[in-house]
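Close look at the chain arrangement
Okay, here's what each chain looks like letter by letter:
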Amino acid sequence: MSATQTQELSASTTLQLRASGLEVLTRGLDYLFEGGELPEHPGIDERVPHSPVRTGKLSESEKHLAIANALRYFPKRFHKQLAKEFAEELKKYNHIYMYRFRPTEYNILAHPIDAYPAKCKQAAAIMLMIHNNLDPKVAQFPHELITYGGNGSVFQNWAQYLLTMKYLSQMNQEQTLIMASGHPQGLFPSHETSPRLVITNGMVIPNYSSKEDYDRMHALGVTMYGQMTAGSYCYIGPQGIVHGTTLTVLNAARKYLDKEDMSGIVFLTSGLGGMSGAQPKAATICGAVGVIAEVSEAALDKRLEQGWVKEKISSLDECVSRMREAKKNKESTSIGYFGNIVELWEELARIAEETGEVIVDLGSDQTSCHNPFNGGYYPVQLSFEESNRMMTEDPEQFKKLVQESLRRQIKAINILSKKGLRFWDYGNSFLLEAGRAGADVMKEGGKGFTYPSYVEDIMGDIFSLGFGPFRWVCTSGKEEDLDMTDQIAGDVIEEIAVNASTESKLQYKDNLLWIRSAKKNQMVVGSQARILYSDAVGRNAIAQAFNKAVKEGKISAPVVISRDHHDVSGTDSPYRETSNITDGSMFCADMAVQNCIGDAIRGATWVAIHNGGGVGFGEAINGGFGLVLDGSEQAENAARSMLFWDVNNGVARRAWGRNQNALSTIKRAMEQEPRLAVTIPELADDDVIASAFE
């Protein structure tokens, strides 16, 4: 959007602001420096779920440093009072959230874009996306500013939130806001085509990237775990992982069971919290029997109320009986088992050993094993409440129980796998932590895991075709705008699929089915958002069609496009996104860093680069972007340039890694775009290499 197109708030919008209370976003913490008093402490609201106590051992001098770091945001006249308050938070939670400054004047949710007090639409769109990430209906622990994954944060504390929203309200088209692990470093002069926002999360010197380093630095208030789309402000609720899980389960049935029809197929997994809450919905969309264990009754009940879980069962015997019945009747249903997944795996293994009956066909796990000792994995030996106490009161003993539980879980899975179960790791570090616990999950010689990563075995080839999770948000908040985007995206896919390669046609077919039934499946939680998998050609065509529809008024307000970091080019992660790259570069992170830089110079509204993601701190580098389609020529050009790069960067890297799908895809891309020239590998014969050592 050009400077001349920057839209000031109208009188009607001002009235809307007053009604919603959002006008206070412009003040940040300024009122404290202008003689105002501290706000009343809102207390700890027990009606919302709260994060487990963080880990991180600080020395006495480091505790003092953490308090000094926190006080930097406030006038000195409040330091004595706040120092004691923050010291109590640090002692109780091992982190300073600054609960006193949690806003209560307005509801935090994705308000219509015109409700935000911003000088430009791009800034208003970012404010909307931040609010969606912190919406209690969307966020896992909203008052700790955690969106999903147990520790995937938007900010470290409420002062950072307030300052960021103030800066965004002030921003014009020639400024860029710099965000460093949740901290708004400030607005810096730039130019119209620069990103309005550059985000880094958890970026540390590589030699200081252990979990212990993270826990200490997070307690100090100097770094943050942004997961993927939590810290980049692009989360759209569990819908994103619903789609990914749907495609994973469909393709698992094709590959492992040689089945297109999943009637009567039982898929067993665990986790109904943040992203894992998508699993029951995905299972029913596939037509399977989904059984998902969850130890938190609040999390299970939340999915039950949403309609994503159809049945709740608390008895182990009753659950097994219901699984048999649904399998026999070839039902499409989702069963939430209120209990520990290990109990269920062990009972199914016992039945298989004693009778030969294998009830479950496909299995995985979506507990937050990137954070296993701080609420990401609950051991079978303890209740949910006992675990929450022990993980802070006796962390060493809790770790021992977690590892024992992991060994028991793998033992049961191994028994069933020998009798026909197909199990895969969902990229959540489950196998990594099980291996560290001493479970029998390693191949002979200790090189690699017995079970595949879902990317390595199922989704990797899809990424290599250039397909990945493309998503968008209708900033008007209107359902009819989302309906229009669904229609447009479906029409575009139908047209493109006609001339697609044979390998790509199946992906377009799956995604056309997805988008045509998206509204019926009722997946919107929070903002009016949608996701589908597409390649560079499809993403660009959809974006251009959206931008045109905004320009023509068919869509009433700008559309924000983005993607999951878990994508073709967005993430370097050796046990997940890049696990099927076999040239030894799976541990290199050039691709994700290059992708962020490339998106920034090609017109992205904002870019982000993170340490971590779903597999843990130090285990991956991942990045993402947001682009506001406002109907302008600038947005049209940015989408065309950026989306082509954003996908084909990763395809080129995968092609250099000798992936056949990627090789054919990047060659087609060069035919479509004469300015693209990619280095293509010459593939050596194995016998030639072997002869070199004779």
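Quantities reported herein were computed from a predicted structural model and do not represent experimental measurements. (Residues numbered from 1 in each chain as written. Predicted model: local features only at pLDDT ≥ 70, side-chain atom pairs only at ≥ 80, totals over all residues. Heavy atoms only, no water.)

Re the domain arrangement of the chain
Selection criterion: Annotation comment: domain bounds sourced from an automatic or database domain assignment. Note on definitions: buried area is the accessible-area loss of two parts on being combined, 1.4 Å probe, summed for both. Salt bridges are defined as contacts in which a side-chain nitrogen from Lys or Arg sits within 4 Å of a carboxyl oxygen from Asp or Glu. Every helix listed is a DSSP run of H or I at least four residues long, and every strand listed is a run of E at least two residues long, numbered separately from the N terminus. Throughout, the ten residues Ala, Val, Leu, Ile, Met, Phe, Trp, Tyr, Cys and Pro are labelled nonpolar, Asp, Glu, Lys and Arg are labelled charged, and all others, Gly among them, are labelled polar.
When cut into domains, the chain gives domain 1 (36-201), domain 2 (261-452) and domain 3 (459-687). Here the C-alpha centroids of domain 1 and domain 3 sit 29 Å apart. A buried area of about 1,700 Å², summed over both sides, lies between domain 1 and domain 3, and 63% of it is on carbon and sulfur atoms. On the domain 1 side of the interface with domain 3, the three residues burying the most area are M129, I199 and N201, jointly 27% of the side's total. Where domain 1 meets domain 3, there are 0 salt bridges. Mapped onto the side of domain 1 that touches domain 3, the elements with two or more residues apiece are α5 (121-134) and β5 (197-201). Examining the composition of the side of domain 1 that touches domain 3, we find that 6 residues originate from one element, α5, more than from any other. Residue composition of the side of domain 1 that touches domain 3, by class: 12 nonpolar, 7 polar and 4 charged.

Here we look at empty space enclosed by the protein
Test applied: Of the two site types, the cavity is a set of points on a 1 Å grid over the protein atoms alone where a 1.4 Å probe fits but cannot get out, and the pocket is an open set with protein on both sides within 12 Å along at least five of seven lines, each lined by residues with an atom within 4 Å of a point. Grid points are joined across faces, edges and corners, and a volume is the space filled by probe spheres set on the points.
All chains considered together, the criterion is met by 2 cavities of 30 Å³ or more. Lining the largest cavity are 14 residues, with Q122, G603, T605, L627 and Q634 positioned closest to its centre. Contributions of two or more residues to the lining of the largest cavity are made by β17 (621-629) and α22 (633-656). At 3 residues, the largest contribution of residues to the lining of the largest cavity is made by α22. When grouped by side-chain class, the residues that make up the lining of the largest cavity number 6 nonpolar, 6 polar and 2 charged. Split by domain, the lining of the largest cavity shows at least three residues from each of two domains, domain 1 (36-201) and domain 3 (459-687).

Digging into the UniProt feature "domain: Urocanase C-terminal" (unreviewed entry) in the chain
Basically, it comes down to this: UniProt positions are given in the numbering used here, feature names are shortened, and annotations may be inferred rather than shown by experiment.
According to UniProt, the "domain: Urocanase C-terminal" (unreviewed entry) feature falls on residues 461-667. Each end of residues 461-667 is marked by a C-alpha atom, and these two atoms are 16 Å apart; helix forms 47% of the span and strand 17%.

Details of the pattern of salt bridges
Under the definition given, this model contains 38 salt bridges. A salt bridge links E331 to R322; its shortest N-O distance comes to 2.6 Å. In this structure, a network of salt bridges that share partners links the residues R539, R563, D567, D599 and D646.

Some points on the state of the cysteines
Here is the rule: A pair of cysteine sulfur atoms is labelled a disulfide when the two atoms are within 2.5 Å. Relative accessibility under 20% of the residue-type maximum defines a buried residue, over 50% an exposed one, and the middle range a partly exposed one, all with a 1.4 Å probe and only protein chains included.
One pass over the full model with this rule turns up 0 disulfides. Cysteine C234 is unpaired, with the sulfur of C596 as its nearest cysteine sulfur at 12 Å. When its relative accessible area of 12% is taken as the criterion, C596 is described as buried.

Observations regarding the pairing of strand β16 (residues 606-611)
A regular strand places its side chains on the two faces of the sheet in alternate fashion. Put simply, the rule reads: Strands are labelled as partners when DSSP assigns at least two bridges between them.
Of all 6 residues in β16, 6 are buried; the element is thus mostly enclosed. The alternating pattern of β16 places W606, A608 and H610 on one face and V607, I609 and N611 on the opposite face, and all of these are buried. Where β16 meets β17, 6 bridges bridge the pair, whose relative direction is antiparallel. Opposite W606, over in β17, you have G626 as the bridge partner.

Remarks on helix α14 (residues 384-393)
Threshold: By arc we mean the arc of the directions from the helix axis to the C-beta atoms, nothing more.
All buried positions along α14 are accounted for by S387, M390 and M391. The buried residues of α14 occupy one face: seen down the axis, they fall within an arc of 100 degrees.

Regarding the side chain of R563
The following threshold applies: In protein, a polar contact means a hydrogen-donor-capable atom and an acceptor-capable atom, both N or O and within 3.5 Å, with residues adjacent in sequence counting only if both atoms are side-chain atoms; elsewhere, any N or O pair within 3.5 Å suffices. What makes two residues a contact is simply this: any of their non-hydrogen atoms within 4.5 Å.
Mapped onto the elements, R563 comes out in strand β14 (residues 559-563). Of note is the side chain of R563, whose polar atom sits 3.4 Å from the side chain of D567. A polar side-chain atom of R563 sits 2.6 Å from a polar atom in the side chain of D646. If we ignore the near neighbours within four places in the chain, the residues touching R563 are T229, P469, F470, R471, R539, G570, N595, D599, G623, G624, F625 and D646.

Section: the UniProt feature "domain: Urocanase N-terminal" (unreviewed entry) in the chain
Sites flagged by UniProt as "domain: Urocanase N-terminal" (unreviewed entry) map to residues 110-234. Helix makes up 30% of residues 110-234 and strand 18%, with an end-to-end C-alpha separation of 12 Å.

Concerning the environment of T248
Locating T248 in the fold gives a position in helix α8 (residues 239-257). When near neighbours in sequence (up to four residues on either side) are disregarded, T248 contacts W424, Y426, Y454, I458 and M459. A polar contact of 2.8 Å, which involves the side chain of T248, links it to the backbone oxygen of G244.

Structural notes on the packing of aromatic side chains
Each aromatic ring pair is described using two quantities: the centre-to-centre distance and the angle formed by the ring planes. Condition: Here is the rule: rings of Phe, Tyr and Trp (six-membered ring for Trp) pair when centre to centre is within 6.5 Å. Planes less than 30 degrees apart are stacked, more than 60 are edge-to-face, and the remainder are tilted.
Inspection of every chain in the model, using the stated rule, returns 24 aromatic pairs. Note on Y256 and W424: the rings are 6.2 Å apart at their centroids and 35 degrees apart in plane angle, and the pair reads as tilted. Within this pair, whereas Y256 is found in helix α8, its partner W424 is found in the loop between β11 (422-423) and α16 (430-436), the two being separated by 168 residues in sequence. A centroid spacing of 5.7 Å and a plane angle of 5 degrees characterise the contact between F267 and W424, whose relative ring orientation is stacked. One end of the pair, F267, is in strand β6 (residues 266-270); the other, W424, is in the loop between β11 and α16, with 157 residues separating them in the sequence.

A short note on the layout of surface pockets
Of the pockets and cavities examined, the second largest pocket occupies roughly 950 Å³. Residue lining of the second largest pocket: 37 residues in total, with T55, K211, E212, D215 and F373 positioned closest to the centre. Every element with two or more residues in the lining of the second largest pocket is listed here: α4 (79-93), α7 (211-220), α13 (372-376), α14, α15 (395-417) and α16. The leading source of residues in the lining of the second largest pocket is α7, at 6 residues.

A look at the nonpolar core
Heads up, the condition is: The set of buried Ala, Val, Leu, Ile, Met, Phe, Trp, Tyr and Cys residues whose side-chain atoms join them within 4.5 Å is what this entry labels a nonpolar core.
Counting 154 residues, the largest nonpolar core has F101, Y161, W472 and I561 as its most contacted members. In terms of nonpolar packing, the next biggest core, distinct from the first, is built from 52 residues, I341, V358, Y377 and L382 among them.

Overview of the packing of α8 against helix α9 (residues 279-286)
Where we set the bar: Each axis is a line fitted through C-alpha atoms, and for a helix only the stretch in contact is used; angles between axes span 0 to 180 degrees, taken between their N-to-C directions. Each angle is binned into one of four classes, with values under 35 degrees roughly parallel, values over 145 roughly antiparallel, values of 65 to 115 roughly perpendicular, and all other values oblique. Here a crossing is called left-handed whenever its near helix is offset anticlockwise from the far helix by less than a right angle, and right-handed whenever the offset is clockwise.
The interhelical angle for the contact between α8 and α9, taken along N-to-C directions, is 50 degrees, at an axis separation of 8 Å. The angle between α8 and α9 falls in the class oblique. Note that α8 runs across α9; the crossing there is right-handed. Contacts between α8 and α9 involve V242, T245, T246, V249 and L250 from the former and K281, A282, I285 and C286 from the latter. When its residues are assigned to classes, the contact of α8 with α9 shows 6 nonpolar, 2 polar and 1 charged.

Considerations on α5
Residue pairs three or four apart in sequence face the same way in an α-helix, which turns once every 3.6 residues. This is how the line gets drawn: To estimate how far a helix should reach, multiply one less than its number of residues by 1.5 Å.
The terminal C-alpha atoms of α5, which comprises 14 residues, lie 20 Å apart, in line with the 20 Å expected from a rise of 1.5 Å per residue. Across the 14 residues of α5, 14 count as buried, placing the element largely inside the fold.

Points about a nonpolar patch on the surface
Keep this limit in mind: Patches here: salt-bridge-free residues with over 30% relative accessible area, like charges joined within 9 Å, nonpolar side chains (Val, Leu, Ile, Met, Phe, Trp, Tyr) joined within 5 Å. The Shrake-Rupley method, run with a 1.4 Å probe, gives the accessible areas here. Residue values count only the displayed protein chains as cover.
Residues V593, I597 and I601 make up a contiguous nonpolar surface patch of roughly 280 Å² in combined accessible area. Tracing the sequence through the fold places I597 in helix α21 (residues 590-601).

A word on the packing of helix α3 (residues 60-71) against α7
Where α3 contacts α7, the axes come no closer than 8 Å and their chain directions differ by 50 degrees. With respect to α7, the element α3 is oriented oblique. Residues E62, L65, A66 and N69 of α3 lie in contact with α7, whose contacting residues are R216, A219 and L220.

Looking at the confidence of the model for the chain
Formally: The quantity known as pLDDT measures the predictor's confidence residue by residue, on a range of 0 to 100.
Predicted confidence across the chain gives a mean pLDDT of 92, with 97% of residues reaching 70 or more. Long-range and interchain partners of residues 1-12, a stretch whose pLDDT sits below 50, account for 27 contacts in this model, where long-range means more than four residues apart.

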